[in-house]
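Spelled out, the chains give:
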Amino acid sequence: MPHLDHDGWHLCFGAMASQCEIVVAGDDAAARHAAHEAMAEVRRIEAKYSRYRSDSVVSRINAAAGSGQATTIDAETVDLLAFADQLHRQSGGLFDLTSGVLRKAWDFRAGRVPAPGELDALRPLVDWRRVVWDERQLWLPEAGMELDFGGIGKEYAADRAQGLLVRAGVRRGFVNLGGDLRVLGPRTDGRPWRFGIQHPREVGSLCASVELRDGALATSGDYERFFITPEGRRCCHVLDPRSGQPVTHWQSVSVVAPVCAAAGALATIAMLLGPDGAAFLRAQGVAFLAIDAAGRIDSNEMLPFTPALLAPSAFVCTS
């Protein structure tokens, strides 16, 4: 439900399997209307690209895999595919929209690891280079192949919602889609918004905070969807497309970038790169904070992340 406090007017809602909020500084009717329009935009994108809806473009593409029949796509989808193609090349093939099929071998709710042979059967279906597409249509050449926009969809929606607010004249506030954040201006008094980074091992605690007047923040981690095997192995939902196995080097990676789609994608790529992730982020010229499996912190000095105990936060960012 919407509410007003000293930070501004909050519109809280659920979307993309996350708790979301849109905050606009002030309490004028135009800003409130824009916030509702931005919420509708988030839900439009969710409906269009959700693999859980039979009428989504993703479901239509996946249902036609191996049939030889192309699926008509629009300009928005083409732009997302082009972005995914760029990320695939930038990550050396680790960021792959076809890797979502690997989730079929894992059950994170039941805590079940793949049975022998399950991953062997799925790995040949993972290869973005085999996807055939142009500015009008797309098809997957083999039955069982899938596209999954989960790695960029929520972040893209945050950017779209922010853009809609700006076009409506809103200049102060932020969009928070389950911890994927896009800021569109400071508080009414000019101070930055302060956001907390969730501690990857201590539920309900923060490990750091960061202040932003604009830009975006996104976190990728091993602590949202995971289980621990009887042998003590931690299995998270971030899967290496080469092996089908969960990543293990980083507990979490938080990235600050100009737009949320970039922040989220770079954080995910760093998780997939393992020990090389920090060097990759430095080469991209973005601010980041990464925590490895031993709890050691790696970051750069472009935008200091403050230890949480010294800077308590009103907004907890999760991924």
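Above this text sits the structure in question.
Predicted model, so just to flag it, every value in this text is computed and none were measured.

Time to look at the nonpolar core. With 83 residues, the main nonpolar core has Leu147 and Val255 as its most contacted residues. Ranked by the residues each element gives to this core, the list is headed by helix H6 (residues 260-273), at nine residues. Not counting the four nearest positions on each side in its chain, Val255 is found in contact with Ala216, Leu217, Ala218, Ala263, Leu266, Ala267, Leu281, Val286, Ala287 and Phe288. With 16 residues, the next largest nonpolar core counts Val183, Cys207, Leu217 and Leu289 among its residues.

In this description, an aromatic ring pair is defined by two values, namely the gap between the centres and the angle between the planes. Within this structure, the stated rule accounts for seven aromatic pairs. With a centroid separation of 6.0 Å and an interplanar angle of 10 degrees, the aromatic rings of Trp106 and Phe108 are classed as stacked. Each of the two residues, Trp106 as well as Phe108, counts as buried. Centroid distance Phe174 to Trp193: 5.0 Å. Interplanar angle 75 degrees. Geometry classified as edge-to-face. With a gap of 19 residues between them, Phe174 in strand E7 (residues 173-177) and Trp193 in strand E9 (residues 193-198) connect regions that are remote in the sequence. The pair formed by Phe174 and Trp193 is uniform in burial state, with each residue classed as buried. By way of ring pairs, the aromatic residues Trp106, Phe108 and Phe227 are connected into one cluster. Above the face of the Phe226 ring, Arg234 is positioned so that its terminal group lies 3.9 Å from the ring centre.

Taking 1.5 Å as the rise per residue, helix H3 (residues 75-90) with 16 residues should run 22 Å; its terminal C-alpha atoms sit 22 Å apart, in good agreement. Here H3 has its buried residues at Glu76, Thr77, Val78, Leu80, Leu81, Ala84, Leu87 and His88. For H3, the secondary structure elements touched by its buried residues are helix H1 (29-49), helix H2 (57-63), strand E5 (132-133), strand E6 (137-139), helix H5 (153-167) and H6. Within two residues after H3, Gly92 carries a phi angle of roughly 70 degrees, on the positive side.

A positive phi angle, near 55 degrees, is found at Met16, a position not held by glycine. Along the chain, Met16 falls in the loop between strand E2 (8-15) and strand E3 (18-24). Of note in the backbone geometry, Ala17 takes a positive phi value of approximately 60 degrees without being a glycine. As for its placement among the helices and strands, Ala17 is situated in the loop between E2 and E3. Ala17 gets classed as exposed once you look at its relative accessible area, which sits at 87%.

In spatial order, the strands read E4-E6-E5; together these three strands make up an open sheet with antiparallel pairing. Either end of the sheet is taken by a strand with one partner, and the two such strands are strand E4 (71-72) and E5. Pairing of E4 with E6 involves two bridges; the strand directions are antiparallel. Among the inter-strand pairings, Thr71 is bridged to a residue of E6, identified as Leu138.

For the pair H5 and H6, the least separation of the axes is 7 Å and the interaxial angle reads 160 degrees. When the axes of H5 and H6 are compared, the pair comes out roughly antiparallel. The two elements H5 and H6 cross, and the hand of that crossing is right-handed. Residue-level inspection shows Glu155, Tyr156, Ala158 and Asp159 of H5 in contact with H6, the latter providing Cys260, Ala261 and Gly264. Residue composition of the contact of H5 with H6, by class: four nonpolar, one polar and two charged.

Burial analysis of E9 places five of its six residues in the buried class, which makes it a mostly covered element. Looking at chain direction, E9 and strand E10 (residues 206-212) are connected through six bridges and run antiparallel. When the sheet's bridge partners are listed, Ile197 is paired in E10 with Ala208.

Within the secondary structure layout, Ser99 lies in the loop between H3 and helix H4 (118-122). Ignoring sequence-local partners within four residues, the contact set of Ser99 consists of Val126 and Pro241.

What counts, and at which threshold
Throughout, a residue's number is its position along its own chain's written sequence, starting from 1. The predicted nature of this model means local features are confined to residues of pLDDT at least 70 and side-chain atom pairs, given and counted, to a pLDDT of 80 or more, with totals for whole chains, interfaces and linings taken over all residues. Only hydrogens and water are set aside; all other atoms, that is, all heavy atoms of the structure, feed into the side-chain values. Among buried residues, the Ala, Val, Leu, Ile, Met, Phe, Trp, Tyr and Cys ones that are joined through side-chain atoms within 4.5 Å form a nonpolar core. Burial classification: accessible surface area is computed with a 1.4 Å probe over protein chains only, and a residue below 20% of its type maximum counts as buried, one above 50% as exposed, and the rest as partly exposed. Secondary structure elements are defined from DSSP: runs of H or I of at least 4 residues count as helices, runs of E of at least 2 residues count as strands, and each element is numbered from the N terminus. Residue contacts are counted whenever heavy atoms from the two residues lie within 4.5 Å of one another. Under the pairing criterion, centres of Phe, Tyr and Trp rings, with the six-membered ring standing for Trp, must be within 6.5 Å; the plane angle then separates stacked pairs below 30 degrees from edge-to-face pairs above 60, leaving the rest tilted. Criterion for a charge above a ring: Arg CZ or Lys NZ at most 6 Å from the ring centre, at most 35 degrees from the ring normal. In a helix, the anticipated span is given by 1.5 Å times the number of residues less one. A pair of strands counts as paired when DSSP detects no fewer than two bridges linking them. Between the N-to-C directions of two axes lies an angle of 0 to 180 degrees, each axis being a line fitted to C-alpha atoms and, for a helix, fitted only over the stretch in contact. With respect to orientation, any angle under 35 degrees is reported as roughly parallel, any angle over 145 as roughly antiparallel, any angle of 65 to 115 as roughly perpendicular, and every other angle as oblique. Crossing handedness is read from the near helix: turned anticlockwise from the far helix by less than a right angle, it gives a left-handed crossing, and turned clockwise, a right-handed one. Only Asp, Glu, Lys and Arg are considered charged, only Ala, Val, Leu, Ile, Met, Phe, Trp, Tyr, Cys and Pro nonpolar, and every remaining residue, Gly among them, polar.

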